[in-house]
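Listed below, chain by chain, are the residues.
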Amino acid sequence: MIGSLRGALADRPSPGEVIIDVGGVGYRVSVPTPVVAKLGATGSEVFLHVHTHVREDAIVLFGFAHADERRCFEALLGAHGVGPSLALGILSALSPAALSTAVLEDDVDTLCLVPGVGKKTAARLLLELKARLDLPTFGDGGSGTESGGSPRSEVRAALVELGYGPDEIRGVLEVTDEDGPVEEMVRSALRELARNR
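None of the values given here were measured: they were computed from a predicted structure. In this convention, every chain numbers its residues from 1, walking through the sequence in written order. Note on the predicted model: pLDDT of at least 70 is required for a residue's local features to be given, and 80 or more for side-chain atom pairs to be given and counted; whole-chain, interface and lining totals, by contrast, use all residues. To obtain the side-chain values, all non-hydrogen atoms of the structure were used and water was disregarded.

Observations regarding the pairing of strand 2 (residues 17-22)
Looking along a regular strand, one sees side chains alternate from face to face of the sheet.
Item 1. DSSP calls a pair of strands paired once it identifies at least 2 bridges connecting them. Only runs of H or I of at least four residues qualify as helices and only runs of E of at least two qualify as strands under DSSP, and these elements are numbered from the N terminus. Relative to strand 2, strand 1 (residues 4-14) runs antiparallel, the two being bridged by 4 bridges. Across the sheet, Asp-11 pairs through a bridge with Ile-19, a residue of strand 2.
Item 2. Where strand 1 folds back on strand 2, the antiparallel hairpin that results is connected by 2 residues, among which Gly-16 adopts a positive phi of roughly 85°.
Item 3. Where strand 2 and strand 3 (residues 25-30) come together, 6 bridges link them in antiparallel fashion. In the strand pairing of strand 3, Ile-19 is matched with Arg-28.
Item 4. Connecting strand 2 to the next strand, strand 3, in antiparallel fashion are 2 residues, including Gly-23 with a positive phi near 60°.

Side note on unusual backbone geometry
Item 1. At Asp-106, a position not held by glycine, the phi torsion is positive, near 50°.
Item 2. If you trace the backbone, Asp-106 turns up in the loop between helix 4 (96-104) and helix 5 (108-111).
Item 3. Asp-106 gets classed as partly exposed once you look at its relative accessible area, which sits at 45%. Partly exposed describes any residue whose relative accessible area lies between the buried limit of under 20% and the exposed limit of over 50%, with all areas from a 1.4 Å probe on protein chains only and scaled to the type maximum.

Keep in mind that these numbers describe shape and distance, not what the molecule does.
This is the structure in structure tokens:
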């Protein structure tokens, strides 16, 4: 199984597809639309986190700029009725942060922005993704947990669980209001992260 590719961007044969030249071998990789824009000019060195999808008639590579995008893609694939094309479509329309926020807030309308996703599909996806995405859980008290940590440390731990790096977390914690329950602080942080990506 191919887990990642590092090489030169050789071509963009069609929208949502790139060819990565690794040691003289060109790998055709399907990528979310925002990733295509980030890869730069032909000949640029690129690195992609890869999910290898094996079908009876083909082996298809899906590439992502960040590991959290690949994790979301794999979580989406595990949901009932979601194939690689729809999962890629969802990640083309929504960043992992925006998707996590939509799941935390039961935001059916945000998922309905994805072509091919209606209200029924969106509602079912939200239920399934709550179990499949590694989302933070909160106690009844909102700001208190068994660990007894501060609200800010709980938000930090939740963002680490969701796969955000130290720099992203530090930046968003500086602008996150500490008033209110931890759950709302996490939602606010995720919205800010989604805006910054």
